[in-house]
Amino acid sequence: EAIRELHKRHPEVGSTLGLSNISFGLDANARRYLNSVFLHHCLQAGLTTVIINVKHIIPLAKMSDEDKNICEELLFSPDDDSLFKFIEHFSDVTIDEEGDDEAYLAMSNEEKIAKLLLDGDKERMIPLVEEARHEINPDIIVNEILIDAMKVVGELFGSGQMQLPFVLQSAETMKTTVDYLNPYLTKQEKDTDTTLVIGTVKGDVHDVGKNLVDIILSNNGYKVVNVGIKTDLQEYLDVVERQSIQAIGMSGLLVKSTAVMKDNLEAMAEMGMTIPVLLGGAALTRSFVDDFCRPIYKGPIFYCRDAFDGVIAMSRIEKYNEDPSTELDTRMAGDMMEREKKVKKKVVIPPFSEIKLPEPQPVPTPPFWGRRVLQKEDLDLDMVFNWVNQRTVIKFHWGYKSKGMTKEEYQKLLDKTVYPAYERLKKEFVDKGLFEPTIIYGYYPVRSNDQELYVFDESEGWNVDANANREPLTDVIGRAVGTFSFPRQGRKPHRALSDFFHHDRHDILPITCVSAGSKFAAYEKELYDAGKYLEYNMVHGLSVELAEALAEVAHKQIRLDLGIAEKEGHTLRDVRMNRYHGARYSFGYPACPDLEQSRLIFDLLKPEEFGIELSETFQIHPEQSTTALVVHHSKATYYAV
């Protein structure tokens, strides 16, 4: 009626409508019926334009009288039962998608190939290209149609309109199609292929980001030599010497890795090298590249925030190599953003004697001192899976996010695709023996002294609190077997982790080291080499979170051992990932950022006996592993320094 009245008063004015809001919150298929009936009545009232997806409109002629009547009742004369009647009527309705098929069939073969690549539809792609190769040169299918379609995938991903799982499906479809057409492709090598040698830098065991770059670049027509993880500079240089390489790609996840990149660039500069370098990784920032990398290396440096930045960089390098008279532009999207000017405030930390410390709390007595080991035969694997943070797996690792979807559409994706994949992988990890968990945890006497926490041999533990060592620190400090050192906050309350432990008597420090096992790495490589990119990413994401689940299990066992699980269920099956007594910290966290101090945990727990190793940059291998300190003080929280 508002539309009708508008045009009655202002016949010279047009009107428009965002149609779908009328049905927000209802089932996706039911919405189409309600939207279509509402649109019909709006047009009758004089509506001149509408914002719709025309594929989601159902002609009234295709609806039954009952369909229309129930929609009109809800729109125009609803009572208390109308909404429930509508929901029930359309609860099992399905939509005939023949219109989509008709649109697809009307396309040319070139358009069909591009569409199936965007859809990641391997099953329909192979029969299509088998037919199409007889009328379209296979070289054109690969080098023009598929490559152009992958560029569209990159644009959609970059703009947030396509999520990672669907990018990987498109990449799988690309690889499968190219492999199928390979016997029919012209066997003429180019004089030079634009080739990148890429690896995760020395000491870094994380390879998913680097492999994603490999996948995307390979599917955009570039050659990639993937030298793997923990790559020493000489390994890059050996490949450059043996092959025609146009660029070096260095990847790394953590802050330590960015320092390795800088060291590599310094060494390359001393050798007089100027080969283009692509730098990328989660810890890398524009400011680090500008301030510490570009000043020391004369060659071009590209700061790549994601795999598709790598495509842009390689395309510029290729054009420059074809015509060196043109300037090689190294400015990427990350370089265009205005740098935030950080004003360094003078940090004044008062003397230790003036800092208010947390109130001392009773020190628990553990059931044993030293380390204890739990392995596969000691653990209920189903219980461990209960501790996996599904949300982190699905949204962070797998990349299934709700952006651009209605609540109903996202729930449908979860129910039909994501949750079944999660359950299938759980079963596969167990049935194939991939999941070989190890939990090593232990209890050690400690004393605090300002920012230091002195660790003592397990022989200094006690069986009843009265026997705990209470000698002056000066008398016992020489017996310490190691020391942790923690930074102090630059603002109030000027906290350091050591503040949560006693100074005047022995306290207790639980430490842990856990691993989901070494078999995942080999299985992931098998999937990756077979071009099963989506499965590879899903296996990796879930396996990494299994390590976090094991860390949660170990922490729960520690709370049970120390009698500080008073607000929780008293079995390992009672999952509690927050609001518990105390806190768990891993090196790399803001409160304890120095990865190098993981060495002391390794010295105490000796996880090397179980195949868990620490790299030269203090990262743990297998990647599906983690260590932690546990603070039993009830006021221990996470904070930034």
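See above for the structure.
Residues numbered from 1 in each chain as written. Predicted model: local features only at pLDDT ≥ 70, side-chain atom pairs only at ≥ 80, totals over all residues. Heavy atoms only, no water.

A. Looking closely at the overall build of the chain. Secondary structure assignment for the chain yields 22 helices and 14 strands. In terms of overall dimensions, the chain has C-alpha extents of about 90 × 75 × 55 Å along its principal axes. Counting every position in the chain, which comprises 641 residues, the buried fraction comes to 50%. Pairs at least 24 apart in sequence give 75% of the contacts found in the chain among residues at least 6 apart. Working note: accessible area of the chain is about 32000 Å², and carbon and sulfur atoms make up 51% of it. Charge separation in the chain, taken as the distance between the mean sites of 74 positive and 102 negative side-chain charges, equals 5 Å. (Helix = DSSP H or I, 4+ residues; strand = E, 2+ residues; numbered from the N terminus. Buried < 20%, exposed > 50% of the residue type's maximum accessible area, 1.4 Å probe, protein only. Contact = heavy atoms within 4.5 Å. Areas by Shrake-Rupley, 256 points an atom, 1.4 Å probe, with all protein chains shown as cover. Lys, Arg positive; Asp, Glu negative; His and termini not counted. Charge placed at Lys NZ, Arg CZ, Asp CG, Glu CD.)

B. Broad picture of the nonpolar core. One finds Trp 398, Phe 429 and Phe 435 to be the most contacted residues of the largest nonpolar core, which totals 101 residues. A total of 14 residues in this core trace back to one element, the largest contributor, which is helix H21 (residues 533-562). Dropping the residues within four chain positions of it, Phe 435 is found in contact with Lys 376, Leu 381, Val 384, Phe 385, Phe 429, Ala 516, Phe 520, Leu 546 and Leu 550. Ala 496, Leu 509, Leu 595 and Ile 601 belong to the second-largest nonpolar core, a separate cluster that totals 33 residues. (Core = buried A, V, L, I, M, F, W, Y, C linked by side-chain atoms within 4.5 Å.)

C. Helix H14 (residues 307-322), seen in detail. Compared with the 22 Å implied by 1.5 Å per residue over 16 residues, the 23 Å span of H14 between its first and last C-alpha is a close match. Every buried residue belonging to H14 is among Ala 307, Phe 308, Asp 309, Gly 310, Val 311, Ala 313, Met 314 and Ile 317, and all of these are buried. Between the side-chain oxygen of the N-cap and the backbone nitrogen of Phe 308 there are 3.0 Å, and the N-cap of H14 in question is Asp 306. (Expected span 1.5 Å × (residues − 1). Polar contact = N/O pair within 3.5 Å; in protein donor to acceptor, adjacent residues only side chain to side chain.)

D. Molecular detail of the packing of helix H6 (residues 109-119) against helix H7 (residues 122-132). With their axes 10 Å apart at the nearest point, H6 and H7 run at an angle of 155° to one another. Taken together, the axes of H6 and H7 lie roughly antiparallel to each other. Note that H6 runs across H7; the crossing there is left-handed. Mapping the contact onto sequence places Asn 109, Lys 112, Ile 113, Leu 116 and Leu 117 in H6 and Arg 124, Met 125, Leu 128, Val 129, Glu 131 and Ala 132 in H7. Split by residue class, the contact of H6 with H7 holds seven nonpolar, one polar and three charged. (Axes fitted to C-alpha atoms, helices over the stretch in contact; angles between N-to-C directions. Parallel < 35°, antiparallel > 145°, perpendicular 65-115°, else oblique. Left-handed = near helix turned anticlockwise from the far one by under 90°. Nonpolar A, V, L, I, M, F, W, Y, C, P; charged D, E, K, R; others polar.)

E. Seen up close, the packing of aromatic side chains. What the rule picks out here adds up to 18 aromatic pairs. Here Phe 368 and Tyr 441 contribute two aromatic rings whose centre-to-centre distance is 5.6 Å and whose plane-to-plane angle is 75°, an arrangement assigned as edge-to-face. Of the two residues, Phe 368 sits in the loop between helix H15 (333-336) and strand S6 (370-375) while Tyr 441 sits in strand S7 (residues 438-449), which places them 73 residues apart along the sequence. An aromatic cluster is present here, built from Tyr 33, Phe 86 and Phe 90 joined pairwise through their rings. Above the ring of Tyr 104, the side-chain terminus of Arg 124 is found at 4.6 Å from the ring centroid. A cation over a ring is seen here: Arg 559 above Tyr 580, with NZ or CZ 4.2 Å from the ring centre. (Phe/Tyr/Trp six-rings, centres within 6.5 Å; stacked < 30°, edge-to-face > 60°. Lys NZ or Arg CZ within 6 Å of the ring centre and 35° of its normal.)

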